[in-house]
Amino acid sequence: MDLLEIKPINGVETYQGDFTSDEALRWLEEKLNLPHDEFGQGTADIVMSDMAPNTVGHKKTDHLRQMVLLEYAFDFALKALKVGGTFVAKSFTGGTTNDLIKQINSHFEHVHHIKPPSSRKDSVEMFIVATGFKG
Ligand SMILES: C[S@@+](CC[C@H](N)C(=O)[O-])C[C@H]1O[C@@H](n2cnc3c(N)ncnc32)[C@H](O)[C@@H]1O
């Protein structure tokens, strides 16, 4: 899923739209056979988000916008993941609030904060890799 057009990928279903919209959420729920209003019936092995907002160059604003997308992705993971599942999401160094880290830690067996070699050294982007979803 992306706001922008996605080039076709063999064997992959894609959706152009806003992940934070009801319409996009309904599409995902339908594809994954998830009930709209209930938790605890996840069907996904992994939820992965590489979403990032268009940065405006104002550090605080960019961090806040990234965190909003991370929270949306995390909320979706809580609903979509099977027990034992994995959540991977882009974050910013120093951007994750303690409250959100606590919440993520409480739902997964292991949580790692990773800066992959492919990520530019001067970029503040990093990834949260949480495995062993506990429900
Ligand atoms: C770092 S790029 C990654 C793009 C893609 N994963 C790739 O590797 O080519 C971040 C992407 O997040 C998308 N994005 C930002 N906000 C979004 C939202 N609310 N819903 C869906 N996609 C969003 C942007 O359009 C952008 O293409």
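Nothing here was measured: the structure is a model prediction, and the numbers come from that model.

## Observations regarding the nonpolar core
Judged by nonpolar contacts, the single largest core of 23 residues is most densely connected at V47, L81, F87 and F108. For this core, the elements supplying multiple residues, two or more each, are β1 (44-49), α2 (59-80), β2 (81-92), α3 (98-107) and β4 (125-133). Here this core gets 8 residues from one element, more than from any other, and that element is α2.

## Side note on unusual backbone geometry
Phi at N33 takes a positive value of approximately 55°, unusual for a residue other than glycine. Classification of N33 as exposed rests on a relative accessible area of 65%.

## Some points on the packing of aromatic side chains
For any pair of aromatic rings, the description rests on two quantities: the centre-to-centre distance and the angle between the ring planes. Taken as a whole and assessed by the stated rule, the structure comprises 5 aromatic pairs. With a centroid separation of 4.8 Å and an interplanar angle of 40°, the aromatic rings of Y15 and W27 are classed as tilted. Within this pair, whereas Y15 is found in the segment before α1 (22-31), its partner W27 is found in helix α1, the two being separated by 12 residues in sequence. With relative accessibility at 13%, the residue Y15 sits in the buried group. Centre to centre, the rings of F19 and F76 are 5.8 Å apart; their planes meet at 85°, and the pair counts as edge-to-face. One end of the pair, F19, is in the segment before α1; the other, F76, is in helix α2, and 57 residues separate them in sequence. The same class applies to F19 and to F76, which are both buried. Feature note: the residues F74, F87, F108 and F133 constitute an aromatic cluster, connected by ring pairs. One cation-aromatic arrangement involves K79 over F39; the distance from NZ or CZ to the ring centre is 6.0 Å.

## Side note on the sheet that holds β1
Ordered in space as β1-β2-β4-β3, the 4 strands form an open sheet in which the pairing is mixed. Looking at the sheet topology across the chains shown, the edges are occupied by β1 and β3 (108-114). In this sheet, neighbouring strand axes are inclined to one another by 10° on average, regardless of whether the strands run parallel or antiparallel. Pairing of β3 with β4 involves 6 bridges; the strand directions are antiparallel. Note on β4: the bridge partner recorded for I114 is F127. Sitting on the sheet, α2 is in contact with β1, β2, β3 and β4, with an inclination near 175° to β2. Its contacts with the sheet place α3 against β3 and β4, and it is angled at close to 135° to β3.

## Some details on the environment of L25
Here L25 is to be found in helix α1. Residue L25 is classed as partly exposed on the basis of its relative accessible area of 24%. Separated by 52 residues in the primary sequence, L25 and A77 place their C-alpha atoms 12 Å from one another.

## Overview of the side chain of Q66
Looking at where Q66 falls in the secondary structure, it is placed in helix α2. Of note is the side chain of Q66, whose polar atom sits 3.4 Å from the backbone oxygen of K90. Those residues in contact with Q66 that sit more than four places away from it in its chain are M51, A52, P53, K90, S91 and F92.

## Looking at the site of the ligand
Around the ligand, the neighbouring residues are D2, L3, L4, G17, D18, F19, D50, M51, A52, L69 and K90. Contact distances for the ligand include 2.8 Å between a nitrogen atom and a side-chain N or O atom of D18. Residue F19 places a main-chain N or O atom 2.9 Å away from a nitrogen atom belonging to the ligand. In the complex, the protein chains occlude 62% of the 590 Å² of accessible area that the ligand would expose alone. In the shell around the ligand, the residues fall into 6 nonpolar, 1 polar and 4 charged.

How each quantity is defined
Residues numbered from 1 in each chain as written. Predicted model: local features only at pLDDT ≥ 70, side-chain atom pairs only at ≥ 80, totals over all residues. Heavy atoms only, no water. Core = buried A, V, L, I, M, F, W, Y, C linked by side-chain atoms within 4.5 Å. Buried < 20%, exposed > 50% of the residue type's maximum accessible area, 1.4 Å probe, protein only. Helix = DSSP H or I, 4+ residues; strand = E, 2+ residues; numbered from the N terminus. Phe/Tyr/Trp six-rings, centres within 6.5 Å; stacked < 30°, edge-to-face > 60°. Lys NZ or Arg CZ within 6 Å of the ring centre and 35° of its normal. Pairing = 2+ DSSP bridges. Axes fitted to C-alpha atoms, helices over the stretch in contact; angles between N-to-C directions. Contact = heavy atoms within 4.5 Å. Polar contact = N/O pair within 3.5 Å; in protein donor to acceptor, adjacent residues only side chain to side chain. Near = heavy atom within 4 Å. Areas by Shrake-Rupley, 256 points an atom, 1.4 Å probe, with all protein chains shown as cover. Nonpolar A, V, L, I, M, F, W, Y, C, P; charged D, E, K, R; others polar.

The quantities given are spatial measurements derived from coordinates; they are silent on function.
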